Amino acid sequence: RNANLRLQLINSVNEAMCITGGFAEDFIVGQAKLSKKEIEHKLLRTQCLEDKVRSLNVEFMGRTYKREKVVALREIRRHVNSKLVETTAMVKQLQKEVDEYQSLDVGFGDMVKEYASIQEKIQNVQHHLKQFEE
């Protein structure tokens, strides 16, 4: 039943698009001189099809998404949005750090290595002091 409903929805959308597309093309190209009645008829037909599409869509959604599914989907969407916000913030922070790093002088890498070496020496000295105190 849902597949049939979905097919009806797609067909109605296609029909509405064909009518409005043809109407717009006739209007733009100006090849066909449409009477006021023909224009009104096409507009009414398009409005009817739009209403039919809305109605079929509401029926399809009502049959597809029951209350329990909607609650679950909302929770999933909330979780996904939360993770998206976190990830976006993390990407911005990382991009900022990369930009800052790329703006540093060439000699900065040597300073980082020297700093790491000094840190290692400090840890070794602290380790020896701790062993000496014991």
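Residues numbered from 1 in each chain as written. Predicted model: local features only at pLDDT ≥ 70, side-chain atom pairs only at ≥ 80, totals over all residues. Heavy atoms only, no water.

**Student:** What exactly am I supposed to notice about the overall build of the chain here?
**Tutor:** The helix and strand tally for the chain stands at 4 helices and 0 strands. Written out in order from the N terminus, the α and β elements of the chain read α-α-α-α. When the 134 residues of the chain are sorted by exposure, 9% land in the buried category. Taking contacts inside the chain between residues at least 6 apart in sequence as the whole, the part at least 24 apart equals 72%. (Helix = DSSP H or I, 4+ residues; strand = E, 2+ residues; numbered from the N terminus. Buried < 20%, exposed > 50% of the residue type's maximum accessible area, 1.4 Å probe, protein only. Contact = heavy atoms within 4.5 Å.)

**Student:** Help me understand helix α4 (residues 108–133), please; the structure alone is not making it clear to me.
**Tutor:** For an α-helix, 3.6 residues make a turn, and residues three or four places apart therefore share a direction. If you check α4, its first and last C-alpha atoms are 37 Å apart, about what 26 residues at 1.5 Å a residue would give, namely 38 Å. Among the 26 residues that make up α4, 0 are buried, leaving the element largely open to the surroundings. (Expected span 1.5 Å × (residues − 1).)

**Student:** Looking at this structure, how should I read the pattern of salt bridges?
**Tutor:** Inspection of the entire model under this criterion finds 2 salt bridges. Between R78 and E75 there is a salt bridge whose closest N-O contact spans 2.5 Å. Here E75 and R78 lie together in helix α3 (residues 67–102), a separation of 3 residues that amounts to about one turn. The partner of E86 in a salt bridge is K83, and the shortest N-O contact between them spans 3.7 Å. Of this pair, E86 and K83 both sit in helix α3, 3 residues apart, which is roughly one turn of that helix. (Salt bridge = Lys/Arg side-chain N within 4 Å of Asp/Glu carboxyl O.)

**Student:** What am I meant to see in the environment of Q8 here?
**Tutor:** As for its position among the elements, Q8 is in helix α1 (residues 2–29). Relative accessible area serves as the criterion here: at 32%, Q8 is assigned to the partly exposed category. C-alpha of Q8 to C-alpha of L56: the two residues are 48 residues apart in sequence and 7.5 Å apart in space.

**Student:** Is there a simple way to think about the confidence of the model for the chain in this case?
**Tutor:** Reading predicted coordinates in detail is not appropriate for stretches of low pLDDT. For the chain, the average pLDDT comes to 77, and 78% of its residues sit at 70 or higher. Ranking the elements of the chain by mean pLDDT puts α1 last with 64 and α4 first with 87. (pLDDT = per-residue confidence, 0-100.)

**Student:** Any chance you could explain a nonpolar patch on the surface here in plain terms?
**Tutor:** Together, M61, Y65, L73, I76 and V80 give the surface a local cluster of nonpolar side chains, amounting to about 450 Å² of exposed area. Tracing the backbone through its elements, the reader meets Y65 in the loop between α2 (36–64) and α3. (Patch = residues over 30% accessible without salt bridge, like charges linked within 9 Å, V, L, I, M, F, W, Y side chains within 5 Å. Areas by Shrake-Rupley, 256 points an atom, 1.4 Å probe, with all protein chains shown as cover.)

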